[in-house]
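Commentary on secondary and tertiary structure
Here is how the chains run, residue by residue.
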Amino acid sequence: MLGLKLPTDPRWVNIVEKNVEEILTDHAYCEQKAASTAISLIIGFPEKSELVKEMVALSREEMGHFNMVHEKILERGWTLGRERKDEYVLELMKFFPKGGSRTTHLVHKLLYAALIEARSCERFRLLSEEMSDPDLCEFYRKLMVSEANHYTMFLQFARKYGNREEVDKKWQDLLNYEAEIMKKLGKKETMHG
Ligand SMILES: [Fe+2]
Ligand SMILES: [Fe+2]
């Protein structure tokens, strides 16, 4: 379960299937935001050479995913719409208090990224298993495989740059907080809705 405390209600897939254009639009921007996060980590922490290298690779990979989703939208005769608000991420990012040292700030960014990757991966898996459209099942299965490693990479970086014990405690607290957010979600045709 990728460390997650609460699985997504499988009925969410029924909502998604009623509006595939909406989920693909929202999903495209999730990939773009994943790439943007990787780039912002490079800008914010240029002295962390190992992180910089991985974030260069990740931003490319995530933009590759963005392109795949964009192609899927075009294939179906649609045009990419405007970005949707991600209430899940906005809510999640209220967890850690603002301020603190640069290292603390880095650890918090890495833990948020790890969690968003883990939840996205769980949702991709659900889509790949439960959607009735075989083309989309295959599409989400492929994406799930390539996303699976991102969550562990972010968590490992958090443990590398922060204090291991402190990071593990924060991770558990964040997972519990996320489970509370998830109780209210699973009702909208967005990737984290
Ligand atoms: Fe991705
Ligand atoms: Fe990812």
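Residues numbered from 1 in each chain as written. Chains lettered and ligands numbered in written order. Predicted model: local features only at pLDDT ≥ 70, side-chain atom pairs only at ≥ 80, totals over all residues. Heavy atoms only, no water.

A word on the layout of surface pockets
A volume near 700 Å³ is recorded for the largest pocket. The wall of the largest pocket is formed by 33 residues, among which Thr37, Val89, Met93, Tyr112 and Ile116 lie closest to the centre. Those elements that place two or more of their residues in the lining of the largest pocket are helix H2 (20-44), helix H3 (49-75), helix H4 (87-92), helix H5 (102-130) and helix H6 (134-161). A total of 9 residues in the lining of the largest pocket trace back to one element, the largest contributor, which is H5. Class assignment of the residues belonging to the lining of the largest pocket gives a composition of 14 nonpolar, 8 polar and 11 charged. One number sums up the size of the second largest pocket: a volume of about 180 Å³. (1 Å grid on protein atoms, 1.4 Å probe; cavity = no way out; pocket = protein on both sides within 12 Å on 5 of 7 lines; lining within 4 Å. Points joined across faces, edges and corners; volume = space filled by probe spheres on them. Helix = DSSP H or I, 4+ residues; strand = E, 2+ residues; numbered from the N terminus. Nonpolar A, V, L, I, M, F, W, Y, C, P; charged D, E, K, R; others polar.)

A few points about the coordination of the iron ion (ligand 1)
Put simply, the ideal angle at a metal is 109.5 degrees for four donors in tetrahedral geometry and 90 or 180 degrees for six donors in octahedral geometry. Taken together, the protein ligands of the iron ion (ligand 1) are Glu31 (OE), Glu62 (OE), His65 (ND1) and Glu147 (OE), with distances of 1.8 to 2.2 Å. Taken together, the 4 donor atoms coordinating the iron ion (ligand 1) and their angles of 92 to 137° define a geometry best described as irregular. Read in sequence order, the donor residues for the iron ion (ligand 1) give the motif E-x30-E-x2-H-x81-E. A separation of 3.6 Å is found between the iron ion (ligand 1) and the iron ion (ligand 2), both of which receive a donor from Glu62. Within this pair, Glu62 and its partner His65 are both found in helix H3, separated by 3 residues, close to a single helical turn. In this structure Glu62 comes out as buried when scored by relative accessible area, which is 0%. (Donors = N, O, S within 2.8 Å, 3.2 Å for Na, K, Ca; no water. Tetrahedral: all angles 85-135°; square planar, octahedral: opposite > 155°, others 65-115°. Buried < 20%, exposed > 50% of the residue type's maximum accessible area, 1.4 Å probe, protein only.)

Thoughts on the coordination of the iron ion (ligand 2)
Looking at the iron ion (ligand 2), one finds its protein donor set to be Glu62 (OE), Glu117 (OE), Glu117 (OE), Glu147 (OE) and His150 (ND1), positioned 2.0 to 2.4 Å from the metal centre. Sequence spacing among the residues donating to the iron ion (ligand 2) works out to E-x54-E-x29-E-x2-H.

As for the packing of aromatic side chains
According to the stated counting rule, one finds 7 aromatic pairs in the structure shown. With a centroid separation of 5.8 Å and an interplanar angle of 5°, the aromatic rings of Phe157 and Tyr161 are classed as stacked. Highlighted residues: Phe157 and Tyr161, both in helix H6, separated by 4 residues, approximately one helical turn. For the pair Phe157 and Tyr161, one class covers both residues: buried. The residue whose ring lies beneath Lys72 is Phe139, and the NZ or CZ to ring-centre distance is 5.2 Å. The side chain of Arg123 reaches across the aromatic face of Trp12, ending 4.2 Å from its centre. (Phe/Tyr/Trp six-rings, centres within 6.5 Å; stacked < 30°, edge-to-face > 60°. Lys NZ or Arg CZ within 6 Å of the ring centre and 35° of its normal.)

Description of the pattern of salt bridges
Under the criterion given, the structure shown has 19 salt bridges. Residue Arg76 pairs with Asp135 through a salt bridge whose shortest N-O separation is 3.1 Å. Linking Arg76 in the loop between H3 and H4 with Asp135 in helix H6, this pair joins segments that are 59 residues apart in sequence. Measuring nitrogen to oxygen at the nearest pair gives 2.9 Å for the salt bridge that ties Glu122 to Arg119. Placement of the pair is Glu122 and Arg119 together in helix H5, with a separation of 3 residues, close to one helical turn. Accessibility assignment for this pair places Glu122 and Arg119 in one class, buried. Several salt bridges share partner residues, and in doing so they unite Lys72, Glu75, Arg76, Asp133 and Asp135 into one network. (Salt bridge = Lys/Arg side-chain N within 4 Å of Asp/Glu carboxyl O.)

Thoughts on the nonpolar core
Taken as a class, soluble globular proteins show a tendency for nonpolar side chains to be buried jointly. By size, the foremost hydrophobic cluster in this structure holds 58 residues, and its most contacted members are Leu51, Leu110, Leu111, Met131, Tyr140, Phe154 and Trp171. Those elements that place two or more of their residues in this core are helix H1 (12-17), H2, H3, H4, H5, H6 and helix H7 (164-183). The leading source of residues in this core is H5, at 14 residues. Excluding residues that lie within four positions of it along the chain, Phe154 makes contacts with Leu41, Met55, Leu58, Leu110, Ala113, Ala114 and Glu117. (Core = buried A, V, L, I, M, F, W, Y, C linked by side-chain atoms within 4.5 Å. Contact = heavy atoms within 4.5 Å.)

Some words on the environment of Gly193
For Gly193, the location among the structural elements is in the segment after H7. A C-alpha to C-alpha distance of 21 Å links Gly193 and His150, two positions 43 residues apart in sequence. Beyond its immediate sequence surroundings of up to four residues, Gly193 is in contact with Trp12, Arg123, Leu185, Gly186, Lys187 and Lys188.

Without other data, these values stay purely geometric and don't point to any function.
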